[in-house]
Amino acid sequence: MALLWPFNKLPALNSAVSLLVGSDEGLQRQLAEAMLREKKDFRISIHLATSLPLPSERDHLRPRIDLIVFMIDIKNKYSLKNVEASLAHVDASFFLGKVCFLVTGVGRVNYCSIDMNAIWKLGEVYCSPVLFCELELEGIRVATAQRLLRMLRICAGHVPGVSSLSFGSLMRSSADD
């Protein structure tokens, strides 16, 4: 079982890497494509995984990961259990601003099979922001992609004077208000 570390590799110049972890591969792919279509001034690479740990035999080829997005489908209890199991394979230093939880399917609260308090508690315990969206709607998917790109840009160190740690604390304090 390989643990993901945020600083065990050198960053690539003018680039950023995001890892999307979730059980719905279709939504992952749609979100990744939306992120890649957006205009940006740095090169991005997006990796998809249904769960962690990642295979260790390709670890030497894997780039440094700047942001991990754990995707939770509100209509699927398995997706929350999958994310909770995957969190054990992430080093604690990733939770200093380089992780967020993306809750999908919020437009269908009638079909909700996950307790919302469990999701809020997950964000609180891991000191990570929780974002809510409906990825099946194009406009919201584009807005979510733009938001994740802004976060990725900060996490990769491309915004002078703003670190992922300070950004994470800003996200938490604005959510608490």
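Residues numbered from 1 in each chain as written. Predicted model: local features only at pLDDT ≥ 70, side-chain atom pairs only at ≥ 80, totals over all residues. Heavy atoms only, no water.

Q: Outline the pairing of strand S3 (residues 67-73), listing residues and values.
A: In terms of burial, S3 is a largely internal element, seven of the seven residues being buried. Every second residue of S3 is oriented toward a common face, with Leu 67, Val 69, Met 71 and Asp 73 on one face and Ile 68, Phe 70 and Ile 72 on the other, all of them buried. With helix H2 (residues 77-86) bridging S3 and the parallel strand S4 (residues 99-104), this β-α-β connection has right-handed handedness. (Buried < 20%, exposed > 50% of the residue type's maximum accessible area, 1.4 Å probe, protein only. Helix = DSSP H or I, 4+ residues; strand = E, 2+ residues; numbered from the N terminus. Right-handed = clockwise from strand over helix to strand, strands pointing away.)

Q: Report on the side chain of Ser 18, specifying residues and quantitative values.
A: With respect to the secondary-structure elements, Ser 18 resides in strand S1 (residues 15-21). Looking at Ser 18, its side chain comes within polar contact range of the main-chain oxygen of Leu 67, at 3.5 Å. (Polar contact = N/O pair within 3.5 Å; in protein donor to acceptor, adjacent residues only side chain to side chain.)

Q: Quick rundown of the layout of surface pockets? Include the residues and the values.
A: In this structure, the second largest pocket spans a volume of roughly 160 Å³. In terms of lining, the second largest pocket is formed by 15 residues, of which the most central are Leu 4, Trp 5, Asn 8, Asp 59 and Arg 62. Here the lining of the second largest pocket is composed, by residue class, of nine nonpolar, two polar and four charged. (1 Å grid on protein atoms, 1.4 Å probe; cavity = no way out; pocket = protein on both sides within 12 Å on 5 of 7 lines; lining within 4 Å. Points joined across faces, edges and corners; volume = space filled by probe spheres on them. Nonpolar A, V, L, I, M, F, W, Y, C, P; charged D, E, K, R; others polar.)

Q: Can you break down the pairing of S4 residue by residue, with the values?
A: On any regular strand, side chains alternate: one points to one face of the sheet, the next to the other face. Of all six residues in S4, six are buried, a share of seventy percent or more. With burial as the criterion, each face of S4 is covered, one bearing Val 99, Phe 101 and Val 103 and the other bearing Cys 100, Leu 102 and Thr 104. The sheet contact formed by S4 and strand S5 (residues 130-132) spans three bridges and is parallel. Its bridge partner being in S5, Phe 101 is matched across the sheet by Val 130. (Pairing = 2+ DSSP bridges.)

Q: Tell me about the pattern of salt bridges, and please be specific about residues and values.
A: Note on pairing: side chains with opposite charge can pair once their charged atoms come close. Tallying each qualifying case throughout the model produces six salt bridges. Taking the shortest distance from any N to any O, the salt bridge between Asp 59 and Arg 62 comes out at 2.8 Å. Taking the relative accessible area as the measure of exposure, Arg 62 reaches 14% and is therefore buried. Of the charged contacts, one joins Arg 64 and Asp 66 as a salt bridge, the two residues approaching to 3.4 Å between their closest N and O atoms. Here Arg 64 falls in the buried class, since its relative accessible area comes to 14%. A cluster of three or more residues bridged by salt bridges with shared partners is formed by Arg 37, Glu 138 and Arg 141. (Salt bridge = Lys/Arg side-chain N within 4 Å of Asp/Glu carboxyl O.)

Q: Residues and numbers for the sheet that holds strand S2 (residues 43-49), please.
A: Through backbone hydrogen bonds, the strands of a sheet pair up, either in parallel or in antiparallel fashion. In space, the five strands of this open sheet follow the order S2-S1-S3-S4-S5, with parallel pairing throughout. Two strands in the sheet have a free side with no partner beyond their single neighbour: S2 and S5. The mean angle between the axes of side-by-side strands here comes to 25°, regardless of whether they run parallel or antiparallel. Of the pairings in the sheet, the one linking S3 to S4 comprises six bridges and is parallel in character. Its bridge partner being in S4, Asp 73 is matched across the sheet by Thr 104. Of the strands in this sheet, S1, S3 and S4 touch H2, which is tilted by about 150° from S3. Across the face of the sheet, helix H4 (residues 138-155) comes into contact with S1, S2, S3, S4 and S5 while running at roughly 150° to S3. (Axes fitted to C-alpha atoms, helices over the stretch in contact; angles between N-to-C directions. Contact = heavy atoms within 4.5 Å.)

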